There are 2 protein chains.
Amino acid sequence: MAVAKKNLFTDEENRIADLAKAISHPARVSILLYLIKKNSCVCGDIVDELPLSQSTVSQHLKELKRVGILQGDIEGTRTCYCINPKVWMEMGNLFKVLTEKFKGCC
Amino acid sequence: MAVAKKNLFTDEENRIADLAKAISHPARVSILLYLIKKNSCVCGDIVDELPLSQSTVSQHLKELKRVGILQGDIEGTRTCYCINPKVWMEMGNLFKVLTEKFKGCC
DNA sequence: TTATTTAATCGTAAAAATACGATAATTAAA
DNA sequence: TTTAATTATCGTATTTTTACGATTAAATAA
């Protein structure tokens, strides 16, 4: 299922899936938890926190930026990463709504 | 990152990532929304709801079963699918906790 | 028993994700 | 200006995911 088949599903289904995909790798969850723990924009030292190479971490950061969860501000030779509160809330809400839709059945 | 590198991350990170992976495809989100809408265990007609072949849908169901979100009870020649409330709650909680950990920063 | 129905599994092709080293680009420091 | 630091991107190998048709397996119906 490449690009063309995206419209076989609703926008909501696609967005939920896309946000879930962004956090579907432990390295990316780890990055987010680290940013949250620091409670500030973090420059650079994310690579040192992860057991992965610099280029791989950079790729994971790119994926988080792709869906909008992260924003990266260039400051000199460094890049400062922040969680985007708007998208974070959107994600939390979509997951919450999905979760609470199910009231139990059997 | 195959099997061996799983222990480079915490159990929590791995579990969140694994549950997110399960809902990281629009077809699987679609399946879940359909089951929720029906508000009962659903036998068989999931395939008719999706724009995918029977074997592909079966694969997606398998992935949802793998993480425990779905259970499938065989009844004669059919299989009835239900959301597992326990795992569903676990997932909702993990996502909720993750979401609420971030209080904003910049 | 012999069909039919239903769903899982197999085999496989194509696409996407993951990981890394090497390289490039940009800025700051010497 | 030259060097160092930092991060993104490139090229690429490997693994995983996705998708489908064909087949198998199991239960039911004829």
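Residues numbered from 1 in each chain as written. Chains lettered and ligands numbered in written order. Predicted model: local features only at pLDDT ≥ 70, side-chain atom pairs only at ≥ 80, totals over all residues. Heavy atoms only, no water.

J.: Mind laying out the sheet that holds strand 3 (residues 78-83) of chain B, listing which residues take part and the relevant values?
T.: Residue and element names in this part refer to chain B. One open sheet holds the 3 strands; their spatial order is 1-3-2, and the pairing between them is antiparallel. Two strands lie at the open edges of the sheet, namely strand 1 (42-43) and strand 2 (70-75), each paired on one side alone. The sheet strands contacting helix 2 (residues 26-38) are strand 1, strand 2 and strand 3, and the helix crosses strand 3 at an angle near 90°. (Pairing = 2+ DSSP bridges. Helix = DSSP H or I, 4+ residues; strand = E, 2+ residues; numbered from the N terminus. Contact = heavy atoms within 4.5 Å. Axes fitted to C-alpha atoms, helices over the stretch in contact; angles between N-to-C directions.)

J.: Could you give an account of the packing of aromatic side chains, naming the residues involved and the relevant values?
T.: All told, the structure shown has 3 aromatic pairs over all chains when counted by the stated rule. Here A:Trp88 and B:Phe102 contribute two aromatic rings whose centre-to-centre distance is 6.0 Å and whose plane-to-plane angle is 70°, an arrangement assigned as edge-to-face. Of this pair, A:Trp88 sits in helix 5 (residues 85-101) while B:Phe102 sits in the segment after helix 5 (85-101), each in a different chain. Taken as a pair, A:Trp88 and B:Phe102 share a single burial class, namely buried. (Phe/Tyr/Trp six-rings, centres within 6.5 Å; stacked < 30°, edge-to-face > 60°. Buried < 20%, exposed > 50% of the residue type's maximum accessible area, 1.4 Å probe, protein only.)

J.: Describe in detail the interface of chain B and chain A, supporting the description with residues and values.
T.: Counting residues at the interface gives 38 residues for chain B and 39 residues for chain A. Across the chain B/chain A interface, buried area totals approximately 3,600 Å², and carbon plus sulfur atoms make up 80% of it. Summed over the shared surface of chain B and chain A, the result is 0 salt bridges. Counting the contacts that link chain B with chain A gives 4 residue pairs in polar contact (both at pLDDT 80 or more). Elements that contribute at least two residues to the side of chain B that touches chain A include exactly helix 1 (11-22), helix 2, strand 3 and helix 5 of chain B. The residue inventory of the side of chain B that touches chain A, partitioned by class, reads 25 nonpolar, 9 polar and 4 charged. (Buried area = accessible area lost by both parts, 1.4 Å probe. Salt bridge = Lys/Arg side-chain N within 4 Å of Asp/Glu carboxyl O. Polar contact = N/O pair within 3.5 Å; in protein donor to acceptor, adjacent residues only side chain to side chain. Nonpolar A, V, L, I, M, F, W, Y, C, P; charged D, E, K, R; others polar.)

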